[in-house]
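So the chains spell out like this:
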Amino acid sequence: MPKSRPISRLKSWKNPSQVTTKRKKSSTSEPNAKRSRSDKLNKTKDPNAPKRPLTAFFLFMHDFRKSYKEANPDSKDVKMVAKEGGEKWKLLTDEEKRPYIDKAAELKAEFKKTLETEADDAEDGDGEAEDVSEKEVLEKEVEQVSDGE
């Protein structure tokens, strides 16, 4: 015969389908619009859109890779380069990071300016103006990179 359970436990037991839980009310009165997965997948990125600018860390890593290759010409380990670059970045003071931060800020400002001009061009409907502005931006970036080296 099965072991009997104490009656006090059975009285406190509730069927999960009968239990009601209180949900927290949202802090806003607006309904929460959820996107379906197909909405996320249907977004296509414009292939002609400008790329986002490099951050200060990536600008530093660009310079660090060059110096690391000069110091270790036979090293092909990408993981070690990244690891040592990250460690060196952490050890740099704010003053040493300043040139990279300033350069990143300049690139970000140019990027925002380019986005605004492209948005204006898209509203006007001129496809040719976008091509010209992209070429100008690319030429400026190439000049800046070559000036920095």
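Owing to the predicted nature of the structure, the values given are computational and were not obtained by experimental measurement.

Undergrad: I would appreciate a short explanation of the side chain of Thr 114 in the present structure.
TA: When you line up the elements, Thr 114 lands in helix α5 (residues 94-124). Setting aside its immediate chain neighbours within four residues, Thr 114 contacts Pro 50 and Val 137.

Undergrad: Sorry if this is basic, but what is going on with a positive patch on the surface here?
TA: A cluster of basic residues, Lys 45, Lys 51, Arg 52, Lys 108 and Lys 112, forms a positive patch at the surface. Structurally, Lys 112 can be placed in helix α5. When its relative accessible area of 48% is taken as the criterion, Lys 112 is described as partly exposed.

Undergrad: So what exactly am I meant to see when it comes to the pattern of salt bridges here?
TA: Pairing is possible between side chains that carry opposite charge, provided their charged atoms lie close to one another. In the structure shown here, the tally under the stated rule is one salt bridge. The salt bridge involving Asp 102 is made with Arg 98; its shortest N-O contact spans 3.7 Å. Of this pair, Asp 102 and Arg 98 both sit in helix α5, four residues apart, which is roughly one turn of that helix. The partly exposed category is assigned to Asp 102, whose relative accessible area is 36%.

Undergrad: Just checking my understanding: could you explain the packing of helix α3 (residues 56-71) against helix α4 (residues 78-91) for this structure?
TA: How two helices sit against one another is set out by the angle between their axes and by the gap between those axes. Between α3 and α4, the least distance of the axes is 10 Å, while the angle of their chain directions is 120°. One element, α3, and the other, α4, form an angle in the oblique class. When you trace α3 past α4, the crossing you get is right-handed. On α4, the residues that touch Ala 56, Phe 57, Phe 60, Met 61, Phe 64, Arg 65 and Tyr 68 of α3 are Met 80, Val 81, Ala 82, Glu 84, Gly 85, Gly 86, Lys 88 and Trp 89. Residue classes in the contact of α3 with α4 are distributed as ten nonpolar, two polar and three charged.

Conventions we followed
Residues numbered from 1 in each chain as written. Predicted model: local features only at pLDDT ≥ 70, side-chain atom pairs only at ≥ 80, totals over all residues. Heavy atoms only, no water. Helix = DSSP H or I, 4+ residues; strand = E, 2+ residues; numbered from the N terminus. Contact = heavy atoms within 4.5 Å. Patch = residues over 30% accessible without salt bridge, like charges linked within 9 Å, V, L, I, M, F, W, Y side chains within 5 Å. Areas by Shrake-Rupley, 256 points an atom, 1.4 Å probe, with all protein chains shown as cover. Salt bridge = Lys/Arg side-chain N within 4 Å of Asp/Glu carboxyl O. Lys, Arg positive; Asp, Glu negative; His and termini not counted. Charge placed at Lys NZ, Arg CZ, Asp CG, Glu CD. Buried < 20%, exposed > 50% of the residue type's maximum accessible area, 1.4 Å probe, protein only. Axes fitted to C-alpha atoms, helices over the stretch in contact; angles between N-to-C directions. Parallel < 35°, antiparallel > 145°, perpendicular 65-115°, else oblique. Left-handed = near helix turned anticlockwise from the far one by under 90°. Nonpolar A, V, L, I, M, F, W, Y, C, P; charged D, E, K, R; others polar.

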